[in-house]
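# Structural features, examined
Residues per chain are reported as follows:
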Amino acid sequence: MIKLIFLSFLWISGQPIDEALSVAQSREAMLCKEWKVRFFETAGVKEYPDAAEENDRFIFYANYTMQMIEAGEGQDCLWEYNRAKEQLIVTDRVSKEKRIMKVAVLTKDELVLQMTDADGSSSTVHLVPVK
C-alpha cells in the first residue's frame, strides 16, 4: 500500500518513477562494500580504534547479507535499509537480535551510523571504505 501511494505521488509530481527508484536503490548500492571503523563518538568524545578494533569491519553484500567483524569474531547478519526513516536494520542470523541504526551520512567515502543501546545511551560510529 505504501509503495502504491509513493508511486502515485511520483506520478502526480511528474518525476519519472524509474529515476526515483534508481535514487533509492543507489543509496543501498553505496552501502554494498567493506567499511572499517574510523572512530566512535559518545557524548561528544571521539574514541579511535585500538589494536584489537582496527580490523573491525561491516561488509555489506548486494543480496542483503552482511558480515560484522568485531575483535576478530565474525557475525553473519541480514540487513535492510528503510528509506523513509533513513534506518539500517541489522539482524543477527543466529540470535535473531536486531540492531536499528540511524544513517546520518551515507556517501561513497563515508558512512555515519547513530545507535541507541538498550540502556538508552547513544553513540555514533564513523566508517570509511576499505580500499
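Up top is the structure these notes are about.
Structural notes, computed from the coordinates.

### Topic: the pairing of strand 6 (residues 87-92)
Summarising burial for strand 6: five of the six residues are buried, a large majority. In this structure, strand 5 (residues 73-82) lies alongside strand 6, joined through six bridges in antiparallel fashion. By the bridge assignment for strand 6, E80 is matched with I89. Hairpin geometry of strand 5 and strand 6 is characterised by an intervening segment of four residues between the two adjacent antiparallel strands and by a positive phi of about 55° at E86. In terms of strand pairing, strand 6 meets strand 7 (residues 98-106) through five bridges, oriented antiparallel. By the bridge assignment, L88 is partnered in strand 7 with M101. Linking two consecutive strands that pair antiparallel, namely strand 6 and strand 7, is a turn of five residues; a positive phi of about 65° is found at K96 within it.

### With respect to the nonpolar core
Counting residues in each nonpolar core, the largest one holds 20 residues, and the members touching the most others are F60, L88, L111 and L113. Mapped by element, the contributors of at least two residues to this core are strand 1 (34-42), strand 3 (57-60), strand 4 (65-70), strand 5, strand 6, strand 7, strand 8 (111-116) and strand 9 (122-129). For L113, the residues in contact, after removing those within four places along its chain, are F58, L88, M101, K102, V103, S123, T124, V125 and L127.

### Considerations on the environment of P129
Relative to the assigned elements, P129 resides in strand 9. Note on P129: relative accessible area 11%, which makes it buried. Here the alpha-carbon distance between P129 and L31, two residues 98 residues apart in the chain, equals 9.5 Å. Each residue touching P129, except ones within four places of it in the same chain, is listed here: K33, E34, W35, K108, D109 and E110.

Reading the values: the criteria
- Residues numbered from 1 in each chain as written.
- Predicted model: local features only at pLDDT ≥ 70, side-chain atom pairs only at ≥ 80, totals over all residues.
- Heavy atoms only, no water.
- Buried < 20%, exposed > 50% of the residue type's maximum accessible area, 1.4 Å probe, protein only.
- Helix = DSSP H or I, 4+ residues; strand = E, 2+ residues; numbered from the N terminus.
- Pairing = 2+ DSSP bridges.
- Core = buried A, V, L, I, M, F, W, Y, C linked by side-chain atoms within 4.5 Å.
- Contact = heavy atoms within 4.5 Å.

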